[in-house]
Amino acid sequence: MASFLSRAASNSHVQFATTAVVSGAVVAGTILGYQRLQRESRISHLKHSIPELENDDTVRSLFKAYSCVPRLTDRKAVQINDFGGASPSSSKADEEDRRNEELARRAQAGDFDDELILEQLARNRVFLGPEGLEKLRNAFVVVVGCGGVGSHATAALARSGVSKIRLVDFDQVTLSSLNRHAVATLADVGTAKVLCLHKRLIAITPWTKFDLRQEKYWDESADRLLQPWQDNDQKPDFVIDAIDNIDTKVSLLEYCYKHDIPVISAMGAGCKSDPTRIMVGDISSSTDDRLSRATRRRLKLKGITKGIPTVFSTEKSGEGKAELLPLPEDEFTKGSVGDLGVLPDFRVRILPVLGTMPAVFGYTVANHVILSITGYPLDYSPAKGRDKMHDGILAALQGSEEKILRLMTPGHDPNIALGLKIPITMGDVAFLTEEVFRGRSAITGLSTRLALLRWRKPTKSTLISIGDQKSTDVKLSDLVCMTKDEAARHEKEIFKGDKTVEEIYDAETIAKVEGLMKEAAKYEKYR
């Protein structure tokens, strides 16, 4: 071994190769070391160049020129009162907050090394590609609702590179907010949620420009709150609906839908505990959630049945799980439920919310916005395979209508149903099955192998013929949801036989079914 090393050492080729390797390593080390020193120098220069703010009137005037909100140092700190709110105090914001504000002022004025920004966003840049990250950095996003869901979504957007964010929320941080809010601390209790987010996030991404609107979204404020960005007339690239008030939520979604503004809506995180059941899907497919159900119904009344992406949970309630219990009867005796709240149209009880779930909802919303803006492929799994189920129900309804038409035709002409169409779409099937009948049989409450068919036997031919076009007169309000076994019995005894529903079902079942059918009839004219 020694002789081999001796020969190698005396070989001019080996010596040359060794010298080259060592030289390359030294050069590489020198370059990397120099780059690191440069980066550290830039960071150090940036931090140390921030002036002290004790009596700097110049800094104060510059800040006012670049910021759309009051200085944190000009705002009064707050003390928690007995109700979890706050009252003014004379305390000033701490030195770190003031330094963060000055850093943000300088960064937004362009005095921030772009290489440092790209380094902070390096992992996003590798994932999305340079063009994708550039789209994100130029994006303008509006977040309406800055509580648990909205705060986490906003934090994710800022950390990912979105440069222009408008925050809309009228509420303040309370003690009960702290179990789920992304950045709020005890010191923030009593301060506006939009100001809290701004104060914390400029310490992370000082180059992000925030437009703070401390007010409640409502119909008459829509044009103003969703207006283009003030500096360049840029329309919102996306709107995030993180509102938990049903009236306001529907109003925002309707406005965005009718004005072609991309929007995503977060449904209810209350009473949910299983993060594996959180889905992204169209408003028409979200299920097992009271807020999404109510939202869909309101939107359907306005003629909107699809085209709005939502984040929702498919988790079902069950024994031992948190539930939103009804208000006690004695509360109703005190007057209108709306009068019980501190603010008009605001909920009068605390929702049971596991602190982790709004975060999952918020990050899922932000993830969708990031992918959509950058053009990254979206390939979500269908929610519970419901599309396939609805398609099967629609096919079975088609077959049922063909049978009924043949039975109602003199001589039972087998060709009468050839080319027959039914005026029911898969969206109608989804609405009836999920919304009206809650994904269950109206007869037994079972939720497996469902079907839709007529409740009563027609008294005349169901055929509508216009030229060569043939269709049936079936309406949403004619149909009832049953299991396939129940539907086979119903068809045999009522459509093929001579029995009526009164002879087969008890009065309670008939009242229940026909009550649901009347509910479906309300929406018939909005199809």
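Structure: above.
Residues numbered from 1 in each chain as written. Predicted model: local features only at pLDDT ≥ 70, side-chain atom pairs only at ≥ 80, totals over all residues. Heavy atoms only, no water.

Peer 1: Give a description of the side chain of Arg454 that names residues and reports values.
Peer 2: By the element assignment, Arg454 lies in strand 11 (residues 450–454). In this structure the side chain of Arg454 is engaged in a polar contact, spanning 2.9 Å, whose partner is the side chain of Glu401. For Arg454, the side chain forms a polar contact with the side chain of Asp473, separated by 2.9 Å. When near neighbours in sequence (up to four residues on either side) are disregarded, Arg454 contacts Glu401, Ile404, Thr462, Thr472, Asp473, Val474, Asp478, Leu479, Val480, His490 and Phe495. (Helix = DSSP H or I, 4+ residues; strand = E, 2+ residues; numbered from the N terminus. Polar contact = N/O pair within 3.5 Å; in protein donor to acceptor, adjacent residues only side chain to side chain. Contact = heavy atoms within 4.5 Å.)

Peer 1: Give a description of the pairing of strand 7 (residues 263–266) that names residues and reports values.
Peer 2: The alternating pattern of strand 7 places Val263 and Ser265 on one face and Ile264 and Ala266 on the opposite face, and all of these are buried. Direction of pairing for strand 6 (residues 238–241) relative to strand 7: parallel, over a ladder of 3 bridges. When the sheet's bridge partners are listed, Ile240 is paired in strand 7 with Ile264. The parallel pair strand 6 and strand 7 is bridged by helix 10 (residues 246–258), and the resulting crossover is right-handed. Alignment of strand 7 against strand 9 (residues 309–313), held across 2 bridges, turns out to be parallel. (Buried < 20%, exposed > 50% of the residue type's maximum accessible area, 1.4 Å probe, protein only. Pairing = 2+ DSSP bridges. Right-handed = clockwise from strand over helix to strand, strands pointing away.)

Peer 1: How would you summarise the packing of aromatic side chains if you had to cite specific residues and measurements?
Peer 2: Scanning the model with the defined rule gives 4 aromatic pairs in all. An angle of 70 degrees between the planes, with centres 5.6 Å apart, marks the rings of Phe112 and Trp207 as edge-to-face. Of the two residues, Phe112 is situated in the loop between helix 4 (95–108) and helix 5 (114–120) and Trp207 in the loop between helix 8 (193–201) and strand 5 (209–213); the sequence distance between them amounts to 95 residues. Accessibility classification places Phe112 together with Trp207 in one group, the buried group. Both rings, one in Phe127 and one in Tyr376, keep their centres 4.9 Å apart while their planes meet at 25 degrees; by these two values the pair is stacked. Of this pair, Phe127 sits in helix 6 (residues 122–137) while Tyr376 sits in the loop between helix 13 (356–374) and helix 14 (386–408), and the two are 249 residues apart along the sequence. (Phe/Tyr/Trp six-rings, centres within 6.5 Å; stacked < 30°, edge-to-face > 60°.)

Peer 1: Talk me through the packing of helix 7 (residues 148–160) against helix 13; I want residue IDs and the actual numbers.
Peer 2: Two numbers describe how helix 7 lies on helix 13: the axes approach to 7 Å, and their chain directions differ by 40 degrees. One finds that helix 7 runs oblique with respect to helix 13. Two packed elements cross with a definite hand, and for helix 7 against helix 13 that hand is right-handed. On helix 13, the residues that touch Gly148, Val149, His152, Ala153, Ala156, Leu157 and Ser160 of helix 7 are Pro358, Ala359, Phe361, Gly362, Tyr363, Ala366, Val369 and Ile370. Class assignment for the residues of the contact of helix 7 with helix 13 results in 11 nonpolar, 4 polar and no charged. (Axes fitted to C-alpha atoms, helices over the stretch in contact; angles between N-to-C directions. Parallel < 35°, antiparallel > 145°, perpendicular 65-115°, else oblique. Left-handed = near helix turned anticlockwise from the far one by under 90°. Nonpolar A, V, L, I, M, F, W, Y, C, P; charged D, E, K, R; others polar.)

Peer 1: Quick rundown of the pairing of strand 8 (residues 278–282)? Include the residues and the values.
Peer 2: Extensive coverage of strand 8 is indicated by the burial of 4 of its 5 residues. Of the pairings in the sheet, the one linking strand 8 to strand 9 comprises 5 bridges and is antiparallel in character. Following the sheet pairing, Ile278 is matched in strand 9 by Ser313.

Honestly, it's all geometry; don't read function into it.
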